[in-house]
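This is what each chain is made of:
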Amino acid sequence: METAYPWYNILSSEEDLQQGDFIQNCPIIIPSRLLEEGESVETKINLMNVIILTQSCDLAHKKIENILVCPYYNGKYFLNKALSADIRIKSKSCVKKLDEIRRGLQPSYHLLNKQEGIFDDYLVVDFKNVYGIHYSTLENIVKKQNKRIRLLPPYREHLSQAFARYFMRVGLPQDIMLEGY
């Protein structure tokens, strides 16, 4: 199904990094739970599928050392993970769960569309888990890959806006209680 506004584009490995680039099997360093000053730190490296969230202008001008990325999952994997973590989600409500994410009712996640020949399932971007990877490390990873996929405008900006909404949330100590209505 060809759309007037495609969601994704396939790039060669020579293209510069931009916000919205999908990186497969990106090595992410996970520190141990307890960090003490002056002690050795145990870490592990997880290979994750991630999407770049750092602004393209900062990447183009190399104004940053670390690139901000978030993991993404295909819809079926995400729902299976959610189903196993929360037994209250019934399989009938899987579409409802994805629709809640689509409508912004689950601000810690963002839904991306599928596109024939590129992504055969919806994608869920996880804003709860944000990682930094050094610019030169990510460049080296990308150079070794034959191709990568990029999220296109305006969907890239929509992702960026959803990410900003998630991080700018403010929890109030007491909410407004409407009375007399």
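In what follows, the structure referred to is the one given above.
Let me sum up the structure you'll find in this document. Computed from a predicted structure; not experimentally measured. (Residues numbered from 1 in each chain as written. Predicted model: local features only at pLDDT ≥ 70, side-chain atom pairs only at ≥ 80, totals over all residues. Heavy atoms only, no water.)

## Considering unusual backbone geometry
Residue Pro-154 follows Pro-153 across a cis peptide bond; omega there is -5°. Position of Pro-154 relative to the elements: it lies in the loop between β8 (147-151) and α5 (155-167). Residue Asn-25 is not a glycine yet carries a positive backbone phi of 50°. Mapped onto the fold, Asn-25 is located in strand β2 (residues 21-31). One non-glycine residue with positive phi stands out, namely Lys-62, at about 50°. As for its placement among the helices and strands, Lys-62 is situated in the loop between α1 (56-60) and β4 (66-74). (Helix = DSSP H or I, 4+ residues; strand = E, 2+ residues; numbered from the N terminus.)

## Considerations on the state of the cysteines
A complete count under the given rule lists 0 disulfides for this structure. Sulfur of Cys-57: no disulfide; nearest cysteine sulfur belongs to Cys-70 and is 18 Å away. On the basis of relative accessible area, Cys-57 is assigned to the partly exposed category, the value being 47%. (Disulfide = S-S within 2.5 Å. Buried < 20%, exposed > 50% of the residue type's maximum accessible area, 1.4 Å probe, protein only.)

## Description of the packing of aromatic side chains
If you walk through the whole model with that rule in mind, you get 13 aromatic pairs. Relative to Tyr-155, the ring of Trp-7 has its centre 3.7 Å away and its plane inclined at 10°; by these criteria the two rings are stacked. Residue Trp-7 is located in the segment before β1 (8-12), and its partner Tyr-155 is located in helix α5; the two are separated by 148 residues in the primary sequence. Here Trp-7 matches Tyr-155 in class, with each residue buried. A centroid spacing of 6.2 Å and a plane angle of 75° characterise the contact between Tyr-72 and Phe-119, whose relative ring orientation is edge-to-face. In this pair, Tyr-72 is assigned in strand β4 and Phe-119 in the loop between β5 (109-112) and β6 (123-126), connecting sequence segments 47 residues apart. (Phe/Tyr/Trp six-rings, centres within 6.5 Å; stacked < 30°, edge-to-face > 60°.)

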